[in-house]
Structure formats: structure tokens, C-alpha cells
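Fold and geometry: a report
The residues making up each chain are set out below.
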Amino acid sequence: MGLPLTDDDLGKPSSNRRIKLSLPAPVLMNRQGELALEEKVFPVQPFPNSRLSSLAHGSEDEVPTDREIRRIYEAPTWKRAFTETPVIVPMTEFFEPVYWGSEKGTVQAFSIPGEEVFFAAGLLIQSRVPKASSLNAFTLLTHTATAQMRDYHHRLVVLLEKKAAKEYLEPMSAKDRFEFLIENRYTRQLSVSKDRTMAKGWEKRVSAQEAKLKREEAYLESLKSESIEG
């Protein structure tokens with residue numbers, strides 16, 4: 001069982017660690033109506049970022065002719081967790097590598113202005129790498145980038161402020177949870193600062209990242225044609 005918490009605890013940093021793949025991190029979940037803090041792994045596989053919706057066909061670096069959109073509750077890897085095991089991940093900042101624009105070749109740090117702690121929506125899952133036999137890990141939900149974020153990256157972590165973060169943990173249907181996140185995710189301006197310059201060789205990854213951006217642009221066109229946000 002996790003450590004029980006009060007509402008006041010949500011505004012306090014639980015640690016000062018930089019979380020990398022395969023390492024444990026603090027997550028918050030609803031345990032029989034009580035908010036609890038537990039340590040879960042940020043896994044290598046399944047990929048620890050899961051899209052709220054995306055193009056259903058083709059690989060991540062190609063633009064398919066079929067622009068069908070698949071939502072997370074329709075994806076075999078994520079649909080059960082999306083309904084049954086939501087978690088929130090407390091953060092003081094998050095990081096994204098930049099492969100285009102004026103800051104290319106750097107890693108940028110992002111945070112919500114004026115908030116010491118904010119939250120990312122996630123799901124409790126079973127890690128394949130590192131291998132596990134229980135729900136020992138979490139994935140972060142992502143969705144479309146804001147105009148600001150598109151200068152740096154093609155997607156944005158689903159961020160929640162305190163009240164919405166607590167509500168996200170309540171039981172609800174998959175469709176209701178999806179709509180809740182679309183309506184409540186944080187899309188205002190973020191604070192941005194340079195964290196570091198990427199190690200030598202980052203240029204070799206540019207073409208692959210630009211291909212992902214093109215696929216994302218096709219996805220955004222599909223959303224626009226349906227007059228929907230997710």
C-alpha cells in the first residue's frame with residue numbers, strides 16, 4: 001500500500017530526482033477512495049508515452065494515406081489501463097529534446113508558471129522492459145502540442161493542475177475520462193529554459209524527428225477536418 005496523503009500534500013515536491021528510463025518515480029493513485037503515493041518504474045517498454053489519440057495506421061515516421069484516428073481506449077496496449085488504473089505523476093519540470101527551430105540541438109526544461117508542483121496524467125501498467133509480473137510501472141499520456149510547444153516538440157504531455165488531477169483519479173468510463181482530459185489539460189503558456197546541449201551526434205536523429213513532425217501535421221489536419229480536438 002502507498003503512503004496516504006492529504007490535499008495539502010499535493011502542493012509539495014515529494015523528491016528532487018531527475019527520472020530517466022527504467023528508474024522508479026513517485027506516482028499518486030486512488031486506493032479505495034484515499035490518495036496514496038507509491039513508487040513505480042518509468043519503463044523502457046511499453047514505450048512510456050501513450051497518445052490520447054493518433055493516426056491508426058502506419059509507423060511513427062510515415063504519413064499513411066488512410067487518416068483514420070484511433071483513440072487510446074481503442075488501442076489494445078492501453079485501453080484497459082485507461083479505464084481502470086489512472087495515476088498522476090507529480091513534477092516540478094519536464095524535459096524535451098529539440099530537433100528544429102532556434103533551439104535545435106538542446107534539451108529544454110518546461111514548467112507551469114507559478115506552480116512549484118504540477119501533475120502529468122498517466123496510467124499504471126505492467127513493464128516489459130524491465131520485465132515484471134505485476135502493475136509495477138507507469139506511462140505518461142500525451143496529446144497535441146500547443147503553438148508554443150510546436151517550436152520545440154511535436155507533442156505535449158497531458159498536464160493537469162491540482163483540482164483536475166484529483167478528479168482524473170476518480171472512476172469514470174473511458175470516453176468520459178478521454179473527454180475530461182481534453183477539456184482540462186493545461187494548454188496555456190509554459191515557462192521554458194535551456195537545460196543542456198545535446199551530446200555529439202544528435203544531428204543524426206534530425207531526419208527521423210522531422211518525419212514524426214510530418215506525421216503529426218497530417219494527424220492535426222485529420223482532427224481539423226473532423227472539427228474535434230482529440
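Here we summarise the structure given alongside this text. Since the model is a prediction, treat every value here as computed from it, not as a measurement.

Re the nonpolar core
Among the nonpolar cores identified, the biggest contains 29 residues, and L52, I72, F82, L123, L141, Y168 and L181 are the most heavily contacted of them. Of all elements in the fold, only β3 (34-41), α1 (79-84), β10 (118-125), β11 (137-144), α2 (162-168) and α3 (174-184) reach the threshold of two or more residues within this core. Here the element with the most residues in this core is α3; it accounts for five residues. Grouped together as the second largest cluster of nonpolar side chains are 24 residues, F42, V89, F110 and F138 included.

Thoughts on the layout of surface pockets
In this structure, the largest pocket spans a volume of roughly 1300 Å³. What lines the largest pocket is a set of 40 residues, and nearest its centre among them are I19, K20, F42, F94 and F95. Only β2 (24-31), β7 (86-91), β8 (94-97), β11, β12 (155-157) and α4 (206-226) provide two or more residues apiece to the lining of the largest pocket. The residue makeup of the lining of the largest pocket, split by class, is 21 nonpolar, nine polar and 10 charged.

Observations concerning a negative patch on the surface
A surface patch of negative charge is lined by D176, E179, E183 and E229. Take D176: it is sitting in helix α3. On the accessibility criterion, D176 (47% relative accessible area) is partly exposed.

Analysis parameters
- Residues numbered from 1 in each chain as written.
- Predicted model: local features only at pLDDT ≥ 70, side-chain atom pairs only at ≥ 80, totals over all residues.
- Heavy atoms only, no water.
- Core = buried A, V, L, I, M, F, W, Y, C linked by side-chain atoms within 4.5 Å.
- Buried < 20%, exposed > 50% of the residue type's maximum accessible area, 1.4 Å probe, protein only.
- Helix = DSSP H or I, 4+ residues; strand = E, 2+ residues; numbered from the N terminus.
- 1 Å grid on protein atoms, 1.4 Å probe; cavity = no way out; pocket = protein on both sides within 12 Å on 5 of 7 lines; lining within 4 Å.
- Points joined across faces, edges and corners; volume = space filled by probe spheres on them.
- Nonpolar A, V, L, I, M, F, W, Y, C, P; charged D, E, K, R; others polar.
- Patch = residues over 30% accessible without salt bridge, like charges linked within 9 Å, V, L, I, M, F, W, Y side chains within 5 Å.
- Areas by Shrake-Rupley, 256 points an atom, 1.4 Å probe, with all protein chains shown as cover.
- Salt bridge = Lys/Arg side-chain N within 4 Å of Asp/Glu carboxyl O.
- Lys, Arg positive; Asp, Glu negative; His and termini not counted.
- Charge placed at Lys NZ, Arg CZ, Asp CG, Glu CD.

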